[in-house]
Amino acid sequence: MALFLLVLLVLSFPSTNAEWPPSPGYWPSSKFRPMSFHYAFKSLWGFSHQSVDQSALTIWLDRTSGSGFKSNRPFRSGYFGASIKVHPGYTAGVITAFYLSNSEVHPGFHDEVDIEFLGTTFGKPYTLQTNVYVRGSGDGKIIGREMKFHLWFDPTQDFHHYAIFWSPKEIIFLVDDVPIRRYPRKSGETFPLRPMWLYGSIWDASSWATEDGKYKADYNYQPFVAKFTNFKAGGCSAYSSPRCRPVSVSPFRSGRLTGQQYRAMEWVQRYHMVYDYCRDPKRNHALTPECWN
């Protein structure tokens with residue numbers, strides 16, 4: 001009888017492990033050394049809205065300004081990661097971003113690879129948006145390639161590691177070493193190949209960030225604070241020898257994901273993906289041929 005009751009309890013209360021991704025079996029973040037902020041980056045704007053404590057950086061947004069920073073070197077491939085903790089509570093309209101871009105060198109015609117936390121309202125989860133721009137224009141015709149997720153944890157409660165892997169063959173987004181999205185190179189027209197710098201920022205994007213701009217930033221809740229630490233970047237800089245080999249985020253030198261990594265990514269996309277531009281019937285997919293090629 002006691003055994004029967006125990007079985008009933010186990011069936012009634014499933015393991016909380018089911019709420020977390022399967023192990024990817026490989027942890028690329030452990031292969032790169034942390035860097036200090038002052039060694040790898042420089043402040044870009046909002047200098048008075050930044051503070052650095054050893055290797056950790058705090059940036060914030062209030063009604064006077066946001067803040068941003070930029071890597072000292074441009075890269076043509078690599079692994080780019082940081083541990084980030086975002087602001088709790090009402091953050092509608094506020095974007096905390098960690099991304100690659102060459103917008104300053106190619107204004108109006110730039111490439112970009114984004115990890116963005118889209119602010120939210122009370123009681124609703126943050127949305128983590130990943131995006132890829134290829135030679136985007138500044139005239140309102142930018143073609144976004146958004147894939148959005150509600151994470152399996154609360155990103156306001158603790159630091160978690162977010163990373164972009166960019167090689168000549170593919171882009172992979174990772175959260176705590178779990179691949180969440182793979183964007184393969186299917187053509188030169190749909191893949192960023194020009195050198196990019198690594199950036200981070202917090203800013204007001206009330207016009208679109210939260211439910212397509214329905215909810216705006218409310219500065220009664222300022223300041224909105226984002227914290228970055230455990231910066232990691234490795235790969236081929238724009239100044240490296242042509243013989244520089246891209247780094248890997250798998251046990252394979254080619255960078256190809258393992259079957260275990262693919263299974264973890266499929267789990268995330270099945271249970272936590274909330275938007276995929278390739279599945280959006282409102283999009284003009286003639287502009288995104290990678291969705292059907």
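Structure: see above.
Along each chain, residue indices are assigned from 1 in the same order as the chain's sequence is written. Side-chain atom pairs in this predicted model are given and counted only at pLDDT of 80 or more, local residue features only at pLDDT of at least 70, and totals for whole chains, interfaces and linings cover all residues. In computing side-chain properties, one takes all heavy atoms of the structure into account and sets aside hydrogens as well as water.

K.L.:
Help me get a handle on the overall build of the protein, residues and values and all.
P.N.:
The helix count covers DSSP runs of H or I at least four residues long, the strand count covers runs of E at least two residues long, and both are numbered beginning at the N terminus. The helix and strand tally for the protein stands at 3 helices and 15 strands. For 293 residues, the compact-globule estimate of 2.2 N^0.38 gives 19 Å, and the protein sits close to it at 20 Å. Its C-alpha atoms give the protein principal-axis dimensions of about 75 × 50 × 45 Å. Burial classification: accessible surface area is computed with a 1.4 Å probe over protein chains only, and a residue below 20% of its type maximum counts as buried, one above 50% as exposed, and the rest as partly exposed. Expressed as a percentage of its 293 residues, the buried residues of the protein come to 51%. Restricting to contacts in the protein with at least 6 residues of sequence separation, those with at least 24 account for 68%. Residue burial considers only the protein chains on display, and all accessible areas are found by Shrake-Rupley using a 1.4 Å probe. When the accessible surface of the protein is totalled, it reaches about 14,500 Å², and 55% of it is carbon and sulfur. Here the protein contributes 32 positive and 24 negative side-chain charges, whose respective centroids are spaced 8 Å apart. Restricting the calculation to C-alpha atoms gives the radius of gyration, and the globule rule supplies 2.2 Å times the number of residues raised to the power 0.38. Residues count as neighbours in contact if any of their non-hydrogen atoms are within 4.5 Å of one another. Under the convention used here, Asp and Glu are negative, Lys and Arg are positive, and both His and the chain ends fall outside the count. Charge coordinates come from a single atom per side chain, which is NZ of Lys, CZ of Arg, CG of Asp or CD of Glu.

K.L.:
Go over unusual backbone geometry, please, and point to the residues and values.
P.N.:
Going from Q222 to P223, the amide bond is cis rather than trans, its omega being -5°. The topology assignment puts P223 in the loop between β13 (197-204) and β14 (224-237). The backbone phi angle of D177 is positive, close to 70°, even though this residue is not glycine.

K.L.:
Pulling in residues and values, what's your account of the environment of I180?
P.N.:
Looking at the element boundaries, I180 is found in strand β12 (residues 178-184). For I180, a relative accessible area of 1% corresponds to the buried category. With near-sequence residues (within four places) excluded, I180 lies in contact with L128, T130, F149, W152, F173, L174, V175, M265, V268 and Q269.

K.L.:
With reference to specific residues and values, describe the side chain of T96.
P.N.:
Tracing the backbone shows T96 in strand β6 (residues 94-101). Classification of T96 as buried rests on a relative accessible area of 4%. Ignoring anything within four residues of it in the chain, the contact list for T96 reads V86, I115, E116, F117, S201, I202, A226 and F228.

K.L.:
Before we move on, could you go through the state of the cysteines and cite the residues and values that matter?
P.N.:
Criterion for a disulfide: a pair of cysteine sulfur atoms within 2.5 Å. The full count for this structure, using the stated rule, is 2 disulfides. Between the sulfur atoms of C236 and its disulfide mate C244 the distance is 2.1 Å. Here C236 and C244 share a disulfide; its torsion about the S-S bond, -95°, makes the bridge left-handed. For C236, a relative accessible area of 1% translates into the label buried. For C244, a relative accessible area of 26% gives the class partly exposed. Between the sulfur of C278 and that of C291 lies a disulfide, 1.9 Å long from S to S. The S-S bond linking C278 to C291 shows a torsion near -80°; that makes this disulfide left-handed.

K.L.:
I'd like a rundown of the packing of aromatic side chains, residues and numbers included.
P.N.:
Whether two aromatic rings pair depends on their centres lying within 6.5 Å, for rings of Phe, Tyr and Trp, where Trp uses its six-membered ring; planes under 30 degrees apart make the pair stacked, over 60 edge-to-face, and the rest tilted. If you walk through the whole model with that rule in mind, you get 23 aromatic pairs. Between Y90 and F122, the ring centres sit 5.8 Å apart and the planes meet at 55°, which makes this aromatic pair tilted. With Y90 in the loop between β5 (75-85) and β6 and F122 in the loop between β7 (109-118) and β8 (127-137), the pair connects residues that are 32 residues apart, well separated along the chain. Ring geometry for Y219 and F224: centres 6.0 Å apart, planes at 65°, overall edge-to-face. Side by side, Y219 and F224 carry an identical accessibility label, which is buried.

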